[in-house]
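As a plain string of letters, each chain reads:
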Amino acid sequence: MNRRGFLASAGAALSLGVVGRRAARSPDPVVVRVWFSDAAAAHDGLEARVEGYLGAALEAAVGAVEIDFAPSPVSLPAENGRRVLAVHWPAKVVEGAVGMGDVDPVADVNLLVTDGDPREQPAGYARPRVAAVTGAKYVARMSPVAETPPVVPYSVRAAATQLLLHEVGHALGIGHENGSAERDGDALVASPMIGSYLWAPVELREKQVPASNTCGASIPEDPSASERRLRLRYGDCEAQALR
Ligand SMILES: [Zn+2]
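Given the structure is predicted, the values throughout are model-derived calculations rather than measurements. (Residues numbered from 1 in each chain as written. Predicted model: local features only at pLDDT ≥ 70, side-chain atom pairs only at ≥ 80, totals over all residues. Heavy atoms only, no water.)

(A) Representation of the packing of aromatic side chains. Applying the stated criterion across every chain yields a total of three aromatic pairs. When the centroid spacing of 5.8 Å and the interplanar angle of 80 degrees are considered together, the rings of Tyr154 and Trp199 count as edge-to-face. Taken as a pair, Tyr154 in the loop between β6 (151-153) and α7 (156-171) and Trp199 in the loop between β8 (187-190) and α8 (202-208) lie far apart in primary sequence, 45 residues in all. Residue class for Trp199 comes out buried when judged on its relative accessible area of 12%. Here the basic side chain of Arg141 rests over the ring of Tyr138, its NZ or CZ set 5.6 Å away from the ring centre. (Phe/Tyr/Trp six-rings, centres within 6.5 Å; stacked < 30°, edge-to-face > 60°. Helix = DSSP H or I, 4+ residues; strand = E, 2+ residues; numbered from the N terminus. Buried < 20%, exposed > 50% of the residue type's maximum accessible area, 1.4 Å probe, protein only. Lys NZ or Arg CZ within 6 Å of the ring centre and 35° of its normal.)

Have a look at this one:
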């Protein structure tokens, strides 16, 4: 997309709200462009996993989706940390949108994947149209999406993969309030917009997880369920908000 197109659509997003653009049910695909840090790019299979999991989740939620990968990696001052994820990367995207630097942004989501440790906070960051996640090493170790059920036991690999869906969801305008969690026997299953916050220490959990979502479903509070599972597709309430 050209510069004027990006700025015009960014302006429209400011006046309509980011969710409003998709509410028109435009037949255009959701376009996601992905950049890897130098260290992330060294992991074989990362591109296939990002494309597989993000593609499967977005296709099920919104229909048409286009995911492409920047031709060369991005050199970052660090792989982790708020400064890189929340300041450096968004600035690169904005610079690219006005024709400075070598990042060529797209209209919907500009996603950076780094090799930072996803167990450190912040593991990711997003604002409208821009997302950044750590965890490249772990995502690269996931089995292929075609061999993986949509709900999986909690693991760092699965949490890092779900984090992709979480931050891309934010970049497309949805939030924790659209997330869901449900009991399945002894297990609690967290959707991408709730994710690992479901099992966070109570103060963090209360800050990040709503008592009930925008679709009126309550989020189970009992952290004593013996098994933790992660949903690697958007839940119904999330998908509805994405459309
Ligand atoms: Zn979030």
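Right, picking up where we left off after that structure.
(B) View of the environment of Leu163. Here Leu163 shows up in helix α7. By relative accessible area, which is 14% here, Leu163 ends up buried. Considered as a pair, Leu163 and Val133 are 30 residues apart in the sequence and their alpha carbons are 7.0 Å apart. For Leu163, the residues in contact, after removing those within four places along its chain, are Ala123, Gly124, Val133 and Thr134. (Contact = heavy atoms within 4.5 Å.)

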